[in-house]
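Summary of the model geometry
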Amino acid sequence: MLQCHCGNRGCLETMASAFWTVVWVKKELAQGAASWLRQLWEADPEAIVGETLVVAARMMDPLALKAFERAGRALAIAIADVVHVLGLARVVVGGRFARAWEHFHLSLEEELFRRLTLFPPEAVSVVPAKLGDDAGLLGAARLAWNGLV
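Residues numbered from 1 in each chain as written. Predicted model: local features only at pLDDT ≥ 70, side-chain atom pairs only at ≥ 80, totals over all residues. Heavy atoms only, no water.

Below, the discussion takes up the pattern of salt bridges. For the structure shown, the criterion picks out nine salt bridges. For glutamate 51, the salt bridge is made with arginine 99, and the minimal N-O distance between the two is 3.4 Å. Taken as a pair, glutamate 51 in helix α4 (residues 50-58) and arginine 99 in the loop between β1 (90-93) and α6 (101-115) lie far apart in primary sequence, 48 residues in all. Taking the relative accessible area as the measure of exposure, glutamate 51 reaches 42% and is therefore partly exposed. The partner of glutamate 111 in a salt bridge is arginine 114, and the shortest N-O contact between them spans 2.8 Å. In this pair, glutamate 111 and arginine 114 are both assigned in helix α6, three residues apart and thus about one turn of the helix distant. A cluster of three or more residues bridged by salt bridges with shared partners is formed by Glu69, Arg73, Glu110, Glu111, Arg114 and Arg115. (Salt bridge = Lys/Arg side-chain N within 4 Å of Asp/Glu carboxyl O. Helix = DSSP H or I, 4+ residues; strand = E, 2+ residues; numbered from the N terminus. Buried < 20%, exposed > 50% of the residue type's maximum accessible area, 1.4 Å probe, protein only.)

Rendered as structure tokens:
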């Protein structure tokens, strides 16, 4: 398991964020994983970023698909925990990785359905953020606007 910036291992950040998924992919490439990303990694490891993984997944690259499946499952575990604690009916997934929804939502849903034991899985909706990376900025602007009115 990768060590997080906070010093712990197994943090959601290290399992499901774009930054740490790229780190994981590079580690897998260093260990000989099969992928068309290998040539890019050998030429310039820094050229592999989150968007690169999205493109690779769209091309059905096995390592990129495995990376998104890993992230989806980790995110599902965390979502199931939060749903059990707070009783949420809807969870919105945002951030840069939300743009890769098509590559991880199936593994997320599969793991979430397996993990939801106190709530019927059909009663919990997990969706990508419609506003993407701008959600926080737009929310802050809305709060400021409401404060002026």
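Let's shift gears to the nonpolar core. By size, the foremost hydrophobic cluster in this structure holds 38 residues, and its most contacted members are Val25, Phe68, Ile79, Phe104, Leu108, Leu112 and Val126. If you list the elements that add at least two residues to this core, you get α2 (18-30), α3 (37-43), α4, α5 (62-86), β1 and α6. Here this core gets eleven residues from one element, more than from any other, and that element is α5. Beyond its immediate stretch of four places on either side in the chain, phenylalanine 68 contacts Leu53, Val54, Ala57, Phe97, Ala100, His103, Phe104 and Ser107. (Core = buried A, V, L, I, M, F, W, Y, C linked by side-chain atoms within 4.5 Å. Contact = heavy atoms within 4.5 Å.)

Running from amino to carboxyl end, α5 crosses α6 at an angle of 40°, the nearest separation of the two axes being 7 Å. Relative to α6, α5 is oriented oblique. As for how α5 packs across α6, the hand of that crossing is right-handed. Contacts between α5 and α6 pair Phe68, Glu69, Gly72, Arg73, Leu75, Ala76, Ile77, Ile79, Ala80 and His84 from the former with His103, Phe104, Ser107, Leu108, Glu110, Glu111, Leu112 and Arg115 from the latter. For the contact of α5 with α6, the per-class residue count stands at nine nonpolar, four polar and five charged. (Axes fitted to C-alpha atoms, helices over the stretch in contact; angles between N-to-C directions. Parallel < 35°, antiparallel > 145°, perpendicular 65-115°, else oblique. Left-handed = near helix turned anticlockwise from the far one by under 90°. Nonpolar A, V, L, I, M, F, W, Y, C, P; charged D, E, K, R; others polar.)

Our focus in this paragraph is a nonpolar patch on the surface. There is a patch of nonpolar side chains on the surface, built from Val82, Val85, Leu86 and Leu88 and spanning about 360 Å² of accessible area. The residue valine 85 is located in helix α5 in this model. The exposed category is assigned to valine 85, whose relative accessible area is 69%. (Patch = residues over 30% accessible without salt bridge, like charges linked within 9 Å, V, L, I, M, F, W, Y side chains within 5 Å. Areas by Shrake-Rupley, 256 points an atom, 1.4 Å probe, with all protein chains shown as cover.)

It is worth spelling out the environment of glycine 72 at this point. Following the sequence through the fold, glycine 72 ends up in helix α5. With 15 residues separating them in the primary sequence, glycine 72 and glycine 87 have C-alpha atoms 21 Å apart. Excluding its chain neighbours within four sequence positions, the residues that come into contact with glycine 72 are Phe104, Ser107 and Leu108.

To continue, consider the side chain of threonine 52. Along the polypeptide, threonine 52 turns up in helix α4. Discounting residues that sit within four places of it in the chain, threonine 52 has contacts with Leu37, Leu40 and Ala47.

In β1, alternate side chains face the same way, and those of Val91 and Val93 are buried while those of Arg90 and Val92 on the opposite face are not. Looking at chain direction, β1 and strand β2 (residues 125-128) are connected through four bridges and run parallel. What sits directly across from valine 91, in β2, is valine 126. On the question of chirality, the crossover connecting β1 to the parallel β2 by way of α6 is right-handed. (Pairing = 2+ DSSP bridges. Right-handed = clockwise from strand over helix to strand, strands pointing away.)

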